[in-house]
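# Observations on chain architecture
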Amino acid sequence: QIQLVQSGPEVKKPGASVKVSCKASGYTFTDFFIHWVRQAPGQGLEWMGSIHPNSGDTDYAQKFQGRVTMTRDTSITTAYMELNRLRSNDTAAYYCARGVTALTSFAYWGQGALVTVSS
Amino acid sequence: DIQMTQSPSTLSASVGDRVTITCRASQSVHNRVAWYQQKPGKAPKLLIYKASKLETGVPSRFSGSGSGTEFTLTLSSLQPDDFATYSCQQYDDDPGTFGQGTKVENK
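Now for a description of the structure that goes with this document. (Residues numbered from 1 in each chain as written. Chains lettered and ligands numbered in written order. Predicted model: local features only at pLDDT ≥ 70, side-chain atom pairs only at ≥ 80, totals over all residues. Heavy atoms only, no water.)

### Side note on the packing of aromatic side chains
One pass over the structure, following the stated rule, counts 6 aromatic pairs over all chains. Taken together, a centroid distance of 5.4 Å and an interplanar angle of 85° make the contact between Y27(A) and F32(A) edge-to-face. Given a relative accessible area of 15%, Y27(A) falls into the buried group. Measuring from centroid to centroid gives 6.3 Å for F62(B) and Y86(B), while their planes differ by 40°, and the two rings are tilted. Highlighted residues: F62(B) in strand β7 (residues 62-67) and Y86(B) in strand β9 (residues 85-90), separated in sequence by 24 residues. Considered together, F62(B) and Y86(B) belong to a single accessibility category, that of buried residues. Site record: aromatic cluster; members linked through ring pairs are Y95(A), F106(A), W109(A), Y36(B) and F98(B). A cation over an aromatic ring shows up here: R98(A) above the ring of Y27(A), its NZ or CZ 4.7 Å from the ring centre. Between the NZ or CZ atom of R98(A) and the centre of the ring of F32(A), over which it lies, the distance is 3.6 Å. (Phe/Tyr/Trp six-rings, centres within 6.5 Å; stacked < 30°, edge-to-face > 60°. Buried < 20%, exposed > 50% of the residue type's maximum accessible area, 1.4 Å probe, protein only. Helix = DSSP H or I, 4+ residues; strand = E, 2+ residues; numbered from the N terminus. Lys NZ or Arg CZ within 6 Å of the ring centre and 35° of its normal.)

Rendered as structure tokens:
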């Protein structure tokens, strides 16, 4: 069955970086986009960007340009999202999701990784 | 970016009730709208895509309609497992954007 399994919760100080992983299984990793969506406590969902594992091509939301980097390691079918210069309002659950295209709905999601930014 | 505005923000209903949630887009998104159900601490679950297509395995009491700028998610008869937050998403224009969510709570 298709699964996306994410890394565990993180606690970071303001100004630090965080790298969240998303291990895919149950399908051909290089055939589908991996998208990253975050949700701050009590807030709505926010798309951050996507990567195509085959080419490594990325598309970032303008809000995160210059602060986010999405990568992948096809040998271990894992995608990564690194967010730099963390602020307290980056505290959120970060989800990976599989996408058929660059602009799509999401039928498969990771379980989420809670990132807490606090001094 | 296209704004997706959901109403209401909170809805109180009882088991067996018919429930309707609306999502309005700031510009036409054609039929490229999805609806998700989310429970606390869990990832969203896709219910509807392309405005009205039921995702495999989703009960038929869920239905979606609309096109252009106005979309509706309907639960024909609310079940105990349906108390959750529902969000719409447009994926017609980059970046894809979500509504702020509608919490369906037990009256």
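Here the narrative resumes.
### Some details on the interface of chain B and chain A
Often, the extent of an interface is quoted as the loss of accessible area upon association of its parts. Contact residues are listed per partner, giving 21 residues for chain B and 15 residues for chain A. Taken over both partners, the interface formed by chain B and chain A buries close to 1,400 Å², and the fraction arising from carbon and sulfur atoms is 59%. Looking at the side of chain B facing chain A, the largest losses of area belong to P44(B), D94(B) and F98(B), adding up to 33% of the total buried there. Taken together, the connections running from chain B to chain A amount to 0 salt bridges. Between chain B and chain A we count 6 residue pairs in polar contact (both at pLDDT 80 or more) in total. Of all elements in the fold, only β4 (33-38), β5 (45-49) and β9 of chain B reach the threshold of two or more residues within the side of chain B that touches chain A. (Contact = heavy atoms within 4.5 Å. Buried area = accessible area lost by both parts, 1.4 Å probe. Salt bridge = Lys/Arg side-chain N within 4 Å of Asp/Glu carboxyl O. Polar contact = N/O pair within 3.5 Å; in protein donor to acceptor, adjacent residues only side chain to side chain.)

### Description of the sheet that holds strand β8 (residues 70-75) of chain B
All names here are of chain B. Spatially, β1-β3-β8-β7 is the arrangement adopted by the 4 strands of the open sheet, whose pairing is antiparallel. Two strands bound the open sheet, and with one partner strand each, they are β1 (4-7) and β7. Taken over all neighbouring pairs, the strand axes of this sheet differ in orientation by 20° on average, direction set aside. Bridging between β1 and strand β3 (residues 19-25) involves 4 bridges; their strand directions are antiparallel. Looking at β3, one finds that M4 is bridged to A25. (Pairing = 2+ DSSP bridges. Axes fitted to C-alpha atoms, helices over the stretch in contact; angles between N-to-C directions.)

### Brief notes about the nonpolar core
Among the nonpolar cores identified, the biggest contains 41 residues, and I34(A), W36(A), M48(A), M81(A) and L83(A) are the most heavily contacted of them. Considering every element that reaches this core, the biggest residue donor is strand β9 (residues 92-99) of chain A, with 6 residues. Judged by nonpolar contacts, the second largest core, of 24 residues, contains A13(B), V19(B), I21(B) and F71(B). (Core = buried A, V, L, I, M, F, W, Y, C linked by side-chain atoms within 4.5 Å.)

### A look at the state of the cysteines
This structure, assessed with the given rule, holds 2 disulfides over all chains. A sulfur-sulfur distance of 2.1 Å marks the disulfide that ties C22(A) to C96(A). Between C22(A) and C96(A), the disulfide has an S-S torsion of 80° and is therefore right-handed. With C22(A) in strand β3 (residues 18-25) and C96(A) in strand β9, the pair connects residues that are 74 residues apart, well separated along the chain. The same class applies to C22(A) and to C96(A), which are both buried. What pairs with C23(B) in a disulfide is C88(B), and their sulfur atoms sit 1.9 Å apart. Of note, the bridge from C23(B) to C88(B) carries an S-S torsion of about 55° and is right-handed in sense. Taken together, the residues span a long stretch of sequence, with C23(B) in strand β3 and C88(B) in strand β9 at a distance of 65 residues. In this pair, the class of C23(B) matches that of C88(B), namely buried. (Disulfide = S-S within 2.5 Å.)

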